[in-house]
Every structure is written in structure tokens, then in C-alpha cells.
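The residues making up each chain are set out below.
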Amino acid sequence: MADRTEGVRIGPISLATLIAILLVGVLALLCVTTANAAQTMAQRQASATTETYALDSCGQKMLASISEELSSSSSLKATASKLSSIAEKAKKDVGEESLTIKTSSDSKSLSFTIAAQNGKKLDAKVSQKNGALSVDQWKLTSQQQDAEETLWSGSVDND
């Protein structure tokens, strides 16, 4: 008599348990991946919001300083000469040294542009009307960074 060795038999309960374990494993992997993606997006959104508020806060500080300067000197020309120092003070008050501020002036108005590293910028233009500061422009824009990638060269071979 020969010994018959029997292999492992997989019954319906064992098969159902194996499938259930595999499904739970796949779902767990999907949950971890989704949670990681959600965390990354939340961090990006928080960073973008922080920079937006930093731009606006810096612009508000500049407006306050310009208004204060106009009330003491009452001359737009005198305030224009101090515009770069006002910009540096506003940047320092906000605590965002990474912001870039460009200022300009003409005979009727003062303009400044505050730019963040992520491409957002605030364009503002103020003038003096009836002895008070008037905001003529306050525009927050976002510039998308272009990737230098060619997807298609535009040539098609027709035989």
C-alpha cells in the first residue's frame, strides 16, 4: 500500500476568507494613499492662503504708512520720495522677507506691486483726493508657472 499524501484543500469558507483579506488589504492601501494626497493638498492650500494674507497684510501696512505720511506732509511728492523706505518697513512689519516690493510714482498717484515667490502679486495704486488717501486699484493676481514641455510638435505625416 502506497501512502497517499493529501494536499491542502481549500474549502469555500477558506476561499471566502482569503478574498475578504485581500479586499481589506486593497481598501487599506487606498485609504492610506487618499489620506496622504489629502494632507498634501491641505498643506498646499494652507501655504497659498498664508501667502495671500501676507500680501494683503503688507499692502494694508503700506496704505497705513502712506496715509500717515500724507497726513503729516500733505504732499504726494514728499510721500513719493519716502516710498521705498515705507515698503521696507511694511515688509519688515509683516515678517515676510521673501516678498518683493516695487514702487513707482507720478504726479497724481503712487503705485506699488508686492510679489510672492509662488507667483501671486498685489498691484495697488493710490492717489490723494480732497486731502485724503484714495485707493484707485487693489488687484490680487496669481500667475501660473509654465512648464517648458512640448507635447506635440504639430507635424503630421499623411501618406
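Residues numbered from 1 in each chain as written. Predicted model: local features only at pLDDT ≥ 70, side-chain atom pairs only at ≥ 80, totals over all residues. Heavy atoms only, no water.

J.: Would you take a moment to explain the overall build of the protein for this structure?
T.: If you tally the helices and strands in the protein, you get 3 helices and 4 strands. For the protein, the sequential pattern of α-helices and β-strands runs α-α-α-β-β-β-β. Split into buried and exposed, the 159 residues of the protein put 23% on the buried side. For the protein, the proportion of contacts with a sequence separation of at least 24, taken over those separated by at least 6, is 45%. Of the accessible surface of the protein, which amounts to about 12100 Å², a share of 53% is contributed by carbon and sulfur atoms. (Helix = DSSP H or I, 4+ residues; strand = E, 2+ residues; numbered from the N terminus. Buried < 20%, exposed > 50% of the residue type's maximum accessible area, 1.4 Å probe, protein only. Contact = heavy atoms within 4.5 Å. Areas by Shrake-Rupley, 256 points an atom, 1.4 Å probe, with all protein chains shown as cover.)

J.: It is not clear to me how the sheet that holds strand β1 (residues 100–105) should be interpreted in this structure. Could you clarify?
T.: Strands in a sheet are paired, the pairing made by backbone hydrogen bonds, and the direction either parallel or antiparallel. The sheet built from 4 strands is open, its strands ordered β1-β2-β3-β4 with antiparallel pairing. In this open sheet, the two edge strands, each paired with only one partner strand, are β1 and β4 (132–142). Across this sheet, the average inter-strand angle for adjacent strands is 15 degrees, counted without regard to direction. Across 6 bridges, β1 lies against strand β2 (residues 109–115) in antiparallel orientation. (Pairing = 2+ DSSP bridges. Axes fitted to C-alpha atoms, helices over the stretch in contact; angles between N-to-C directions.)

J.: I tried to follow a nonpolar patch on the surface on my own but got confused; where do I start?
T.: On the surface, V8, I10, L15, L18, I19, L22 and L23 cluster together into a nonpolar patch covering about 740 Å² of accessible area. Here L22 is to be found in helix α1 (residues 12–73). (Patch = residues over 30% accessible without salt bridge, like charges linked within 9 Å, V, L, I, M, F, W, Y side chains within 5 Å. Salt bridge = Lys/Arg side-chain N within 4 Å of Asp/Glu carboxyl O.)

J.: Got a minute to help me understand the pattern of salt bridges in this structure?
T.: Close approach of charged atoms allows side chains of opposite charge to pair. For the structure shown, the criterion picks out 4 salt bridges. Between K91 and E88 there is a salt bridge; the shortest N-O distance is 3.9 Å. Of this pair, K91 and E88 both sit in helix α3 (residues 83–94), 3 residues apart, which is roughly one turn of that helix. For E88, a relative accessible area of 48% corresponds to the partly exposed category.

J.: Is there a simple way to think about the nonpolar core in this case?
T.: A general tendency of soluble globular proteins is for nonpolar side chains to be buried together. Ranked by internal contacts, the top residues of the largest apolar core, which has 21 residues, are M62, I66, L110 and I114. Among the secondary structure elements, those contributing two or more residues to this core are α1, α2 (76–81), α3, β2 and β3 (120–129). For this core, the leading source of residues is α1, giving 6 residues. Contacts of I66, omitting those with residues within four sequence positions, involve T79, L83, I86, L110, F112, V126 and L133. (Core = buried A, V, L, I, M, F, W, Y, C linked by side-chain atoms within 4.5 Å.)

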